[in-house]
Amino acid sequence: MTTTNHTVRLIARPVGEAKREDFAFADETIVALAEGEMLLKVHYLSLDPAMRGWMREGKSYIEPVALGDVMRAGGIGEVVESNQGKFAKGDFLVGMTNVQTYCVTDGRGFTKVDPKLAPLTTYLNVLGMPGMTAYFGLLDVGQPKEGETVLVSGAAGAVGATVGQVARIKGCRAVGIAGGAEKCAIAMEQYKFDACVDYKAGNLRKALKEACPNGVDVYFDNVGGEILDLALTMINRKARIIVCGAISQYNATGEVKGPANYLSLLVNRARMEGIVVFDYAARYKEGAMQMGQWLMERKMISKEHVVEGIDTFPQALQKLFTGENLGKLVLKVS
Ligand SMILES: NC(=O)c1ccc[n+]([C@@H]2O[C@H](COP(=O)([O-])OP(=O)(O)OC[C@H]3O[C@@H](n4cnc5c(N)ncnc54)[C@H](OP(=O)(O)O)[C@@H]3O)[C@@H](O)[C@H]2O)c1
């Protein structure tokens, strides 16, 4: 067996946004599989804001990608050759395939998915990592109760859209914050948010007050920065703030901007708590079963924004930061 594997390796630590020059693109040869290994043909890659963090040196919840390594990425691959017993040729697996066209693995960390039950890309969205982040972040950390107001930023994105949909299913008032009229329309018409506020339209404070007449009981923060600060002025007593991400800060070259309005936590006896989805790995099945059922019952949708071509990786990733993605950003590899 000889396979040509096209790889995208991180060769420099980006300053500001990740650029094409920070990566090397090459054809490499996979000669043979060892005992216990298998070869996956990568079909789709999940493009995630967290990737920008993985390129950065320093302490985090996961080791940075080492310079020279194939860029880390979750993805979906098909087993094309197997030297081990757990997975067979033809199986579709989700796991860390990384940014390459083929992946050699012993299968650890990979899960088999059924392409007959849902489109492959759904396993990178609602039934995958962003979906689990939203589900457990909202329900486990946020503890929303029926009738409460759940506010979420990045509302038309992968995590935010699922947060809004789960909040609504649980009987909460789901209010989104998104960039632009088109995204707000998508949030309300397709994800069925009760209201969505365009943070680019100006006077966010006034718009939020109108959209959340009873204040905010749960704020699910995907963006950090000024929007987080403003959301803190809206919270009710015993509110829960879920720190899921801070995309407005990921390309910062200086200090990360923290919330100035944190005393609102004191005044309102509120709680602010981080979530790292990997902590819920043992419960993914539970989240996937529940949301799989809601998808089948058409109580929620999974919407992906698919771009093509492995070599477009650096520009494609940038769409998350410019807000060009309408739904979960996925890169079609083959
Ligand atoms: N903690 C965890 O375990 C975990 C797991 C997965 C994801 N996350 C975090 O969840 C957040 C959302 O991730 P995702 O995969 O669902 O991405 P996404 O929302 O599908 O895409 C990112 C969106 O962020 C918005 N954005 C970009 N720059 C912004 C800025 N400066 N201010 C406000 N909004 C901005 C854009 O939407 P607009 O056009 O609306 O601005 C963009 O479409 C990220 O912060 C990510 O790191 C955390």
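Every value quoted in this text rests on a predicted model; they were computed, and no experiment measured them. (Residues numbered from 1 in each chain as written. Predicted model: local features only at pLDDT ≥ 70, side-chain atom pairs only at ≥ 80, totals over all residues. Heavy atoms only, no water.)

A.B. asks: Lay out the pairing of strand 9 (residues 173-178) with the relevant residues and their values.
C.D. replies: Summarising burial for strand 9: five of the six residues are buried, a large majority. Where strand 8 (residues 149-153) and strand 9 come together, five bridges link them in parallel fashion. Counterpart to Val150 in the pairing with strand 9 is Ala174. For the crossover that starts at strand 8, traverses helix 3 (residues 158-169) and ends in the parallel strand 9, the hand is right-handed. With four bridges connecting them, strand 9 and strand 10 (residues 195-198) associate as parallel partners. Across the sheet, the residue bridging to Val175 is Ala195, located in strand 10. Once you follow strand 9 into helix 4 (residues 181-189) and on to strand 10, the crossover reads as right-handed. (Buried < 20%, exposed > 50% of the residue type's maximum accessible area, 1.4 Å probe, protein only. Helix = DSSP H or I, 4+ residues; strand = E, 2+ residues; numbered from the N terminus. Pairing = 2+ DSSP bridges. Right-handed = clockwise from strand over helix to strand, strands pointing away.)

A.B. asks: Outline empty space enclosed by the protein, listing residues and values.
C.D. replies: Summed over the entire model, instances satisfying the criterion amount to one cavity of 30 Å³ or more. Every residue lining the largest cavity is listed: Asn125, Val126, Gly157, Ala158, Ala161, Thr162, Gln165, Tyr191, Ile301, Ser302 and Lys303. Along the lines of polarity and charge, the residues of the lining of the largest cavity split into five nonpolar, five polar and one charged. (1 Å grid on protein atoms, 1.4 Å probe; cavity = no way out; pocket = protein on both sides within 12 Å on 5 of 7 lines; lining within 4 Å. Points joined across faces, edges and corners; volume = space filled by probe spheres on them. Nonpolar A, V, L, I, M, F, W, Y, C, P; charged D, E, K, R; others polar.)

A.B. asks: How would you sum up the nonpolar core? Please name residues and give values.
C.D. replies: Core analysis: the largest hydrophobic core is formed by 47 residues, its most contacted members being Ile76, Leu138, Val163 and Met291. Residue contacts for Met291: discarding those within four places in its chain leaves Val126, Leu127, Gly131, Met132, Tyr135, Thr162, Val166 and Met300. Of all hydrophobic cores here, the second largest spans 30 residues; its members include Val65, Phe87, Phe313 and Val333. (Core = buried A, V, L, I, M, F, W, Y, C linked by side-chain atoms within 4.5 Å. Contact = heavy atoms within 4.5 Å.)

A.B. asks: Go over the layout of surface pockets, please, and point to the residues and values.
C.D. replies: Taken as a whole, the second largest pocket holds about 1,200 Å³ of empty space. Taken together, 37 residues form the lining of the second largest pocket, with Thr111, Val113, Tyr123, Leu127 and Gly128 sitting closest to its centre. Among the elements of the structure, strand 4 (74-82), strand 5 (92-96), strand 7 (111-113), helix 2 (129-142) and helix 8 (284-296) are those that each provide at least two residues to the lining of the second largest pocket. Considering each element in turn, the lining of the second largest pocket owes the most residues, eight residues, to helix 8. Grouping the constituent residues of the lining of the second largest pocket by class yields 21 nonpolar, eleven polar and five charged.

A.B. asks: Break down the packing of helix 2 against helix 8 for me, with residues and values.
C.D. replies: Two numbers describe how helix 2 lies on helix 8: the axes approach to 10 Å, and their chain directions differ by 95 degrees. One element, helix 2, and the other, helix 8, form an angle in the roughly perpendicular class. For the pair formed by helix 2 and helix 8, the contact residues are Gly131, Met132, Tyr135 and Phe136 on the first element and Tyr284, Glu286, Gly287, Ala288, Gln290, Met291 and Trp294 on the second. For the contact of helix 2 with helix 8, a count of residues per class yields seven nonpolar, three polar and one charged. (Axes fitted to C-alpha atoms, helices over the stretch in contact; angles between N-to-C directions. Parallel < 35°, antiparallel > 145°, perpendicular 65-115°, else oblique.)

A.B. asks: Quick rundown of helix 4? Include the residues and the values.
C.D. replies: Those residues of helix 4 that fall on the buried side of the exposure criterion are Lys183, Cys184, Ile186 and Ala187. Across the axial projection of helix 4, the buried residues extend over an arc of 160 degrees, all falling on one side. Pointing more than 90 degrees away from the buried face of helix 4 are the exposed residues Ala181, Glu182 and Glu189. Looking at the buried residues of helix 4, the elements they touch are strand 9 and strand 10. (Arc of directions from axis to C-beta.)

A.B. asks: Give a description of unusual backbone geometry that names residues and reports values.
C.D. replies: Despite not being glycine, Asn98 shows a phi value in the positive range, around 70 degrees. You can see Asn98 is positioned in the loop between strand 5 and strand 6 (102-105). For Arg269, which is not a glycine, the phi torsion comes out positive at approximately 50 degrees. Tracing the chain through its elements places Arg269 in the loop between helix 7 (263-267) and strand 13 (271-274). According to the relative accessible area criterion, Arg269 is partly exposed, its value standing at 45%.

A.B. asks: Describe the site of the ligand, with residues and values.
C.D. replies: The full set close to the ligand counts 25 residues, and Gly179, Lys183, Tyr199, Ile275 and Asn325 are the nearest of them. Tyr250 places a polar side-chain atom, nitrogen or oxygen, 2.8 Å from an oxygen atom of the ligand. Backbone polar atom of Val277 to an oxygen atom of the ligand: 2.8 Å apart, as the coordinates give it. In the complex, the protein chains occlude 90% of the 920 Å² of accessible area that the ligand would expose alone. (Near = heavy atom within 4 Å. Polar contact = N/O pair within 3.5 Å; in protein donor to acceptor, adjacent residues only side chain to side chain. Areas by Shrake-Rupley, 256 points an atom, 1.4 Å probe, with all protein chains shown as cover.)

A.B. asks: Please give an account of the pattern of salt bridges that cites residues and values.
C.D. replies: Evaluation of the coordinates by the stated rule reveals 14 salt bridges. Across the pair Lys112 and Asp91 runs a salt bridge whose closest N-O atoms are separated by 3.4 Å. Of this pair, Lys112 sits in strand 7 while Asp91 sits in the loop between strand 4 and strand 5; the two residues are 21 residues apart in sequence, bridging distant segments of the chain. Judged by relative accessible area, Asp91 falls into the buried class, the value being 11%. A salt bridge links Lys206 to Glu210, with the nearest nitrogen and oxygen atoms 3.4 Å apart. Here Lys206 and its partner Glu210 are both found in helix 5 (residues 204-211), four residues apart, which amounts to about one turn of the helix. (Salt bridge = Lys/Arg side-chain N within 4 Å of Asp/Glu carboxyl O.)

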